[in-house]
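# Residue-level structural notes
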Amino acid sequence: DDLYGLLLFLGARPFCEKDWFQASVKGNYCDVEQRIAHMLKELLWRSTKANDTVRLQMGIPEQVEKKVFLQFSSVEKHFYQRQLEETILAADAVIDVQQRKNKNRKTKDTDMLS
């Protein structure tokens, strides 16, 4: 029913005609999955980065990766080094708090078992 509703919404003829849909898809045929795949192949389109046809049709320019290496001044180096140190200290503090919580939780669990 969900597939039929989607086809009806898309107006995909003849798939959106209920009698035709039921006769061809819901019948007792052993190749129903293959027929559904074939039917959806005509309706659905999967675009990938590697698909040049899609890129050309949409007029998207080819993607270019450009790396630029910066040379920091001594002031900038000092600033970013301090930022790194403060971030590491903050992360260590969070880890310590989590470890203490886990230790307390394990102690409580052990107490309950006693």
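Just so you know, these numbers come straight off a predicted model, no measurement behind them.

### Observations regarding a nonpolar patch on the surface
On the surface, a cluster of nonpolar side chains totalling about 500 Å² of accessible area is made up of Leu 6, Phe 9, Leu 10, Leu 43 and Leu 44. The element best represented in the nonpolar patch is helix H1 (residues 2-10), accounting for three residues. Topologically, Leu 43 is positioned in helix H3 (residues 32-43).

### Description of the confidence of the model for the protein
Of all residues in the protein, 82% have pLDDT values of 70 or greater, and the mean over the chain is 80. Taken element by element, the protein is modelled with least confidence in helix H4 (residues 52-58), mean pLDDT 74, and with most confidence in helix H5 (residues 74-113), mean pLDDT 87.

### As for the packing of aromatic side chains
The full count for this structure, using the stated rule, is two aromatic pairs. Each ring, one from Phe 72 and one from Tyr 80, has its centre 5.1 Å from the other, and the planes form 35 degrees; the classification is tilted. Owing to a relative accessible area of 39%, Phe 72 belongs among the partly exposed residues under this scheme. The exposure class assigned to Tyr 80 is partly exposed, which follows from its relative accessible area of 44%. Ring plane angle 75 degrees and centroid distance 5.0 Å describe the contact between Phe 79 and Tyr 80, whose orientation is recorded as edge-to-face. For Phe 79, a relative accessible area of 43% translates into the label partly exposed.

Scoring rules and cut-offs
- Residues numbered from 1 in each chain as written.
- Predicted model: local features only at pLDDT ≥ 70, side-chain atom pairs only at ≥ 80, totals over all residues.
- Heavy atoms only, no water.
- Patch = residues over 30% accessible without salt bridge, like charges linked within 9 Å, V, L, I, M, F, W, Y side chains within 5 Å.
- Areas by Shrake-Rupley, 256 points an atom, 1.4 Å probe, with all protein chains shown as cover.
- Salt bridge = Lys/Arg side-chain N within 4 Å of Asp/Glu carboxyl O.
- Helix = DSSP H or I, 4+ residues; strand = E, 2+ residues; numbered from the N terminus.
- pLDDT = per-residue confidence, 0-100.
- Phe/Tyr/Trp six-rings, centres within 6.5 Å; stacked < 30°, edge-to-face > 60°.
- Buried < 20%, exposed > 50% of the residue type's maximum accessible area, 1.4 Å probe, protein only.

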